[in-house]
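Notes for the structure review
The lines below spell out each chain.
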Amino acid sequence: MATDAAAAAASASGGHDDDAVESGNLLRRRHAGGGRAGDDAEDDGAGNAGEAAAMASVEQAFADKPVPSWREQLTVRAFVVGFILSVMFNVIVMKLNLTTGVIPSLNVSASLLGFFLVRLWTKAIESMGLLKQPFTRQENTVIQTCVVSAYGIAFSGGFGGYLFGMSENIAKQATEANDPLNIKNPHLGWMIGFMFLVSFVGLFALVPLRKVMIVDYKLTYPSGTATAYLINGFHTPQGAELAKKQVRTLGKYFSLSFLWAFFQWFYTAGDDCGFSSFPTFGLEAYKNRFYFDFSATYVGVGMICPYIVNVSLLVGAILSWGLMWPLVSKKKGSWYPDSLPDSSLHGLQAYKVFITIAVILGDGLYNFLKVFGHTIKAFISMYRNRNTNTLPVSDDGTPVTATEAESFDDKRRIELFVKDQIPNTVAFGGYAVVAAVTIGCLPLIIPQLKWYYILAAYIFAPVLAFCNAYGSGLTDWSLASTYGKLAIFIFGAWAGASHGGVIVGLATCGVMMSIVGTASDLMQDFKTGYMTLASPRSMFVSQVIGTAMGCVIAPCVFWLFYKSFDIGSPDGAYPAPYTIMYRNMAILGVDGLSLLPKHCLTLCYIFFAVSFAINLIKDLVPKKVAKFIPIPMAAAIPFYLGPYFAIDMFLGSVILFFWEWRNKAEAQAFGPAVASGLMCGDGIWALPQAVLSLVNVKPPICMKFLSRAVNAKVDTFLEN
């Protein structure tokens, strides 16, 4: 999953710098751009794209530079750097995925570090007189595509969602459908095989339509557009100088964040020990998870996410843990048996999990209908204008005529974009071959998943992939996880509990998410390549190589976490919150709603309707009002997890707000670098921490906070 939160960020900002949240829908919204997604986000859906369009020709600045062939764009150094950054970002995304599921955009970080590392490489080679090929923006685009494809597997692979939701650890928490037929524990071998089987089909699904989507329909793809402007900017003299300063800033905060995480480790010798358990607002508030946990990662995430996302998280945290759960817990013995622990899904935990799911589904359904409506509207417009020279959309979403004069940039880009064709035989043949291999081999890994389930998914997947890619081009919103949830209910109910319906639902969720999400992401990459003059062939090859890297790196990183830490424990450091939600969706699809405690279903209906209605209201009221209305999907995330990370992220927003108040230009230029440094340093510490755990090196000190009365009892006990 890891990413319904991402969708929340998406709705907040239309195309700015926010992959921002989650593991649930993320499958994955990838944003990059030079601006803060905040107040201006509502007014400019394509981020900085609109401003850039008004500026002088981009391609005129590069007119004297030859464009390398597609083979020359695919360099060894690009893939070496891509591999290094892929490992780094897989660790960071995996940690975020397994802690809260809130995943911000790392495109700026990937672009900056890719630019910096290759420039460092070329400078060293040049000093030895061995430089054969200069570093170009096309090569930078190849690195970007490779890295994003690789670390995307850490999200879309379901390690914090559907895949780990199959495990015994999560099945024990769900209590229903936890028989061996509905359980599959993680193992490195089958996970790598599963990733390779499901991750490549989507790459071939829409390749024949790349010219139609990018050139003919002129779909905006704001994330791809913003990434292209970022890369183009790096390769101008002024942009290169700014990039150097941003990298230095990122490196400084990376070091500080890493050292801070290392320092905190010394005080975590037991449960609830260390700075992460500091009762900032008192012990009673701490019991309800209201505290600041000194996480540099989520302060950085808060600096990247739009303000409305962070405010929504805090509002949801206060509503749930400050009001709802204390009130529901008082009904213990009336609404549910008082003999049940709070963690039982027949007790308080059921309200937390299923109300969260209801809000996510309500938000997802609304946005599915919204994007689907935009798509149908565009096709109706195209049909009505079929006998004219009008195309359905332009960069600003309005009809444009095919006869209007093309700019120098458009002529140059179209000329090179259509030059290196990817044969349709490769696309159709690749889809058929990979699908056939998957249909034959996937049931060997997951026996409950019969070949005809996969065949049915692959028959409908290209149509859904087109709808998702078209909608993403119009709105920058990927609904991959929504299609995945739909697959859970359809295929889980088709199989039934007695035939492993829970496993079938979760596995087909992964199949559908991978196809639909990958196809949309590839089209975003084609848009980036179109605007940086990178060949479609090099984009496709880079995506394939990056995906292959991710299919190995992501399972290995997850396996390291799995062997080193207690993954999936609700009260542990890595609760993987969306795993239990995905599993419970699968159980709902198989068993229905009869097992929920009293009034739980009624509350779910209410919150589903409220979530749908709030999204509708946000679209009906003026934009200047809508930007102050909380986002339901973002507000739902702390319903299950608690407020602690929302407090961290809100602090990040406050820091950025005052920075922008003092010096907006500086904050916009260096804010993403500071945030990325905080996230990367704290995230990378997870690697040495895991190694220390594996070799049985324990922290030396437990720093724990007690009330005065408990402390007196401890002192008396020790004295005696």
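The rules behind these values
- Residues numbered from 1 in each chain as written.
- Predicted model: local features only at pLDDT ≥ 70, side-chain atom pairs only at ≥ 80, totals over all residues.
- Heavy atoms only, no water.
- Helix = DSSP H or I, 4+ residues; strand = E, 2+ residues; numbered from the N terminus.
- Buried < 20%, exposed > 50% of the residue type's maximum accessible area, 1.4 Å probe, protein only.
- Contact = heavy atoms within 4.5 Å.
- Areas by Shrake-Rupley, 256 points an atom, 1.4 Å probe, with all protein chains shown as cover.
- Core = buried A, V, L, I, M, F, W, Y, C linked by side-chain atoms within 4.5 Å.
- Axes fitted to C-alpha atoms, helices over the stretch in contact; angles between N-to-C directions.
- Parallel < 35°, antiparallel > 145°, perpendicular 65-115°, else oblique.
- Nonpolar A, V, L, I, M, F, W, Y, C, P; charged D, E, K, R; others polar.
- Patch = residues over 30% accessible without salt bridge, like charges linked within 9 Å, V, L, I, M, F, W, Y side chains within 5 Å.
- Salt bridge = Lys/Arg side-chain N within 4 Å of Asp/Glu carboxyl O.
- Lys, Arg positive; Asp, Glu negative; His and termini not counted.
- Charge placed at Lys NZ, Arg CZ, Asp CG, Glu CD.
- Expected span 1.5 Å × (residues − 1).
- Arc of directions from axis to C-beta.
- Phe/Tyr/Trp six-rings, centres within 6.5 Å; stacked < 30°, edge-to-face > 60°.
- Disulfide = S-S within 2.5 Å.
- pLDDT = per-residue confidence, 0-100.
- Left-handed = near helix turned anticlockwise from the far one by under 90°.
- Polar contact = N/O pair within 3.5 Å; in protein donor to acceptor, adjacent residues only side chain to side chain.

**Quick word on the overall build of the protein chain**
Scanning the protein chain from N- to C-terminus turns up 31 helices and 2 strands. Taken across its 720 residues, the protein chain has 59% of its residues classed as buried. Summarising the internal contacts of the protein chain: among those between residues at least 6 apart in sequence, 80% fall at separations of at least 24. Counting only carbon and sulfur atoms, one obtains 65% of the accessible surface of the protein chain, whose full area is about 27700 Å².

**Quick word on the nonpolar core**
Among the nonpolar cores identified, the biggest contains 207 residues, and Phe89, Met94, Leu163, Phe194, Leu442, Tyr458 and Phe561 are the most heavily contacted of them. Tallying contributions element by element places helix α22 (residues 501-532) first for this core, with 17 residues. In contact with Tyr458, other than residues within four places in its own chain, are Leu197, Val201, Tyr431, Ala435, Thr438, Ile439, Val511 and Ile515.

**Observations regarding the packing of helix α5 (residues 76-99) against helix α15 (residues 296-304)**
Helix packing geometry: the angle between the two helix axes and the distance between the axes. Where α5 meets α15, the axes come as close as 12 Å, and the angle between the chain directions of the two elements is 95 degrees. Classified by the interaxial angle, the pair formed by α5 and α15 is roughly perpendicular. The residues of α15 that touch α5, namely those facing Lys95, Leu96 and Thr99, are Thr297, Tyr298 and Val301. Across the contact of α5 with α15, the residue classes tally to 3 nonpolar, 2 polar and 1 charged.

**A closer look at a positive patch on the surface**
Taken together, the side chains of Lys65, Arg119, Lys123, Lys244, Lys245 and Arg248 define a basic patch exposed on the protein surface. Of all the secondary-structure elements, those providing two or more residues to the positive patch are α6 (107-127) and α13 (237-265). Of the residues forming the positive patch, the biggest block, 3 residues, is contributed by α13. With respect to the helices and strands, the residue Lys65 is situated in the loop between α3 (58-61) and α4 (70-73). For Lys65, a relative accessible area of 43% gives the class partly exposed.

**Things to note about a nonpolar patch on the surface**
Together, Trp451, Tyr452, Leu455, Ile459, Phe460 and Trp494 make up an exposed nonpolar region whose accessible area comes to about 670 Å². The element that contributes the greatest number of residues to the nonpolar patch is helix α20 (residues 451-475), accounting for 5 residues. One can find Ile459 in helix α20. When its relative accessible area of 54% is taken as the criterion, Ile459 is described as exposed.

**Some remarks on helix α25 (residues 600-620)**
For α25, spanning 21 residues, the distance from its first C-alpha to its last is 30 Å, which sits close to the expected 30 Å at 1.5 Å a residue. Turning to α25, its buried residues are Cys600, Cys604, Phe607, Ser611, Asn615 and Lys618. Projected onto a plane normal to the axis of α25, the buried residues spread over an arc of 70 degrees and lie on a single side. In α25, the exposed positions that point more than 90 degrees away from the buried face belong to Tyr605 and Leu620.

**Quick word on the packing of aromatic side chains**
Under the defined criterion, the tally for this structure stands at 52 aromatic pairs. On the numbers, 6.0 Å between centres and 45 degrees between planes, the contact of Phe115 with Phe135 is tilted. Linking Phe115 in helix α6 with Phe135 in the loop between α6 and α7 (137-156), this pair joins segments that are 20 residues apart in sequence. Each member of the pair, Phe115 as well as Phe135, is classed as buried. Ring geometry for Phe278 against Phe294: centres 5.7 Å apart, planes inclined by 85 degrees, an arrangement best described as edge-to-face.

**Some details on the state of the cysteines**
This model, assessed by the stated rule, comprises 1 disulfide. Through a disulfide, Cys273 is tied to Cys702; the S-S separation comes to 1.8 Å. Every disulfide takes its handedness from the sign of the S-S torsion; for Cys273 and Cys702 that torsion is -60 degrees, giving left-handed. Separated by 429 residues along the polypeptide, Cys273 in the loop between α13 and α14 (283-287) and Cys702 in the loop between α30 (686-694) and α31 (708-719) bring together distant segments of the chain.

**Some remarks on unusual backbone geometry**
Even without a glycine there, the phi angle at Phe294 is positive, about 60 degrees. One can find Phe294 in the loop between α14 and α15.

**Focus: the confidence of the model for the protein chain**
In this model, the protein chain carries a mean pLDDT of 81, and residues with pLDDT of at least 70 account for 87%. Of all the helices and strands in the protein chain, helix α2 (residues 49-54) carries the lowest mean pLDDT, 40, while helix α9 (residues 188-199) carries the highest, 94. Segment residues 1-55: pLDDT under 50, and 236 contacts once partners within four positions in sequence are set aside and those in other chains are kept. In the model, residues 390-404 has pLDDT below 50 throughout and makes 31 contacts with residues more than four positions away in sequence or in other chains.

**Details of the pattern of salt bridges**
Considering all chains together, one arrives at 8 salt bridges under this definition. With its nearest N and O atoms 2.6 Å apart, the salt bridge here joins Glu59 to Arg137. Of this pair, Glu59 sits in helix α3 while Arg137 sits in helix α7, and the two are 78 residues apart along the sequence. Judged by relative accessible area, Glu59 falls into the buried class, the value being 2%. Taking relative accessible area as the criterion, Arg137 reaches 5% and is therefore assigned buried. What you see here is one network of salt bridges that share partners, running through Glu59, Arg137, Asp409 and Arg413.

**Focus on the packing of α5 against α7**
At their nearest, the axes of α5 and α7 sit 8 Å apart, and the two run at 30 degrees to each other. Looking at the two axes, α5 sits roughly parallel to α7. When you trace α5 past α7, the crossing you get is right-handed. Residue-level inspection shows Arg77, Ala78, Phe79, Val81, Gly82, Leu85, Ser86, Phe89, Asn90, Val93, Met94 and Asn97 of α5 in contact with α7, the latter providing Glu139, Val142, Ile143, Cys146, Val147, Ala150, Tyr151, Ala154 and Phe155.

**Some words on the environment of Arg210**
When you line up the elements, Arg210 lands in helix α11 (residues 210-216). When the C-alpha atoms of Arg210 and Met523 are compared, they prove to be 6.9 Å apart, with 313 residues separating the residues in sequence. A distance of 2.7 Å separates polar atoms of two side chains, one belonging to Arg210 and the other to Gln421.

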